[in-house]
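If you want the building blocks of each chain, they are given just below.
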Amino acid sequence: MGKLLKDFLYILEYVHGSITENKVGYKSRLSGAPEKFTYVRRFIMKIAVINGPNLNLLGRREPEIYGSGTLEELQKMLIEASEGKNVEFKFFQSNSEGEIVDFIHQCIGSVDGIIINPGAYSHYSIAILDALRAFDGKIVEVHISNVFKREEIRHSLITARAADAVIAGMGFEGYVFAFFYLLSLSE
Ligand code: DQA
């Protein structure tokens, strides 16, 4: 095949998104692609931050356990932590299991990583577990409180079976650690 044609085919593949892409959103050169494309093009890493039931009440809900910060402040913390990095967050909160499942479905193929605090659903939602298992990127499950120090009903984390990492008991910082963990996988 002529060099020009090879280049052209490579560009076509690039434009149509079939160039090999690693799990966390960076595209690299196809093996055999022409030399002039050897640079690694950096794409924006997309991270979904999903909060489950009652987490919209952060700041007002049991502050002795969850602290006085609001959900908005939590999201601001993440945005600040991501400053200067090539990251875009998609924030989502819902009190409904079905809506969380639907949102995870939307994440498939469209975001690189998920940070999820499924709230009480963590302890029993097989539907959320199954949706997370269908997701093709990295997943970190976060709990603001140390669930293992609390009532026994909170000790079993069903949804965490789909997670690559689990953080519990670090307060809001747990989300920031989860973010840096996902980021570290892409660098
Ligand atoms: C929580 C712990 C869950 O047991 C509880 O139902 C929540 C919040 C946490 O972040 O510590 O809603 O997930």
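The structure contained in this document is the topic of the report that follows. If you're wondering where the values come from, they're calculated on a predicted model, not measured in any experiment. (Residues numbered from 1 in each chain as written. Predicted model: local features only at pLDDT ≥ 70, side-chain atom pairs only at ≥ 80, totals over all residues.)

A separate point is the sheet that holds strand E4 (residues 138-143). Taken in spatial order, the 5 strands make up an open sheet running E2-E1-E3-E4-E5, and their pairing is parallel. The open sheet has two edge strands, strand E2 (87-93) and strand E5 (165-168), and neither has a second partner. This sheet shows a mean twist of 15° between the axes of neighbouring strands, independent of strand direction. Sheet topology places strand E1 (residues 45-51) next to strand E3 (residues 113-117); 5 bridges connect them, and they run parallel. Across the sheet, the residue bridging to Ala48 is Ile114, located in E3. (Pairing = 2+ DSSP bridges. Helix = DSSP H or I, 4+ residues; strand = E, 2+ residues; numbered from the N terminus. Axes fitted to C-alpha atoms, helices over the stretch in contact; angles between N-to-C directions.)

The environment of the ligand is made up of Asn54, Asn117, Gly119, Ala120, Ser122, His143, Ile144, Ser145, Val147 and Arg154. Class assignment for the residues of the shell around the ligand results in 3 nonpolar, 6 polar and 1 charged. (Near = placed C-beta within 6 Å. Nonpolar A, V, L, I, M, F, W, Y, C, P; charged D, E, K, R; others polar.)

Once that is clear, we can look at the environment of Glu72. With respect to the helices, strands and loops of the structure, Glu72 is situated in helix H3 (residues 71-81). A tally of 12 C-beta atoms within 10 Å means that Glu72 is categorised as exposed. (Buried ≥ 20, exposed ≤ 12 C-beta atoms within 10 Å, placed from the backbone.)

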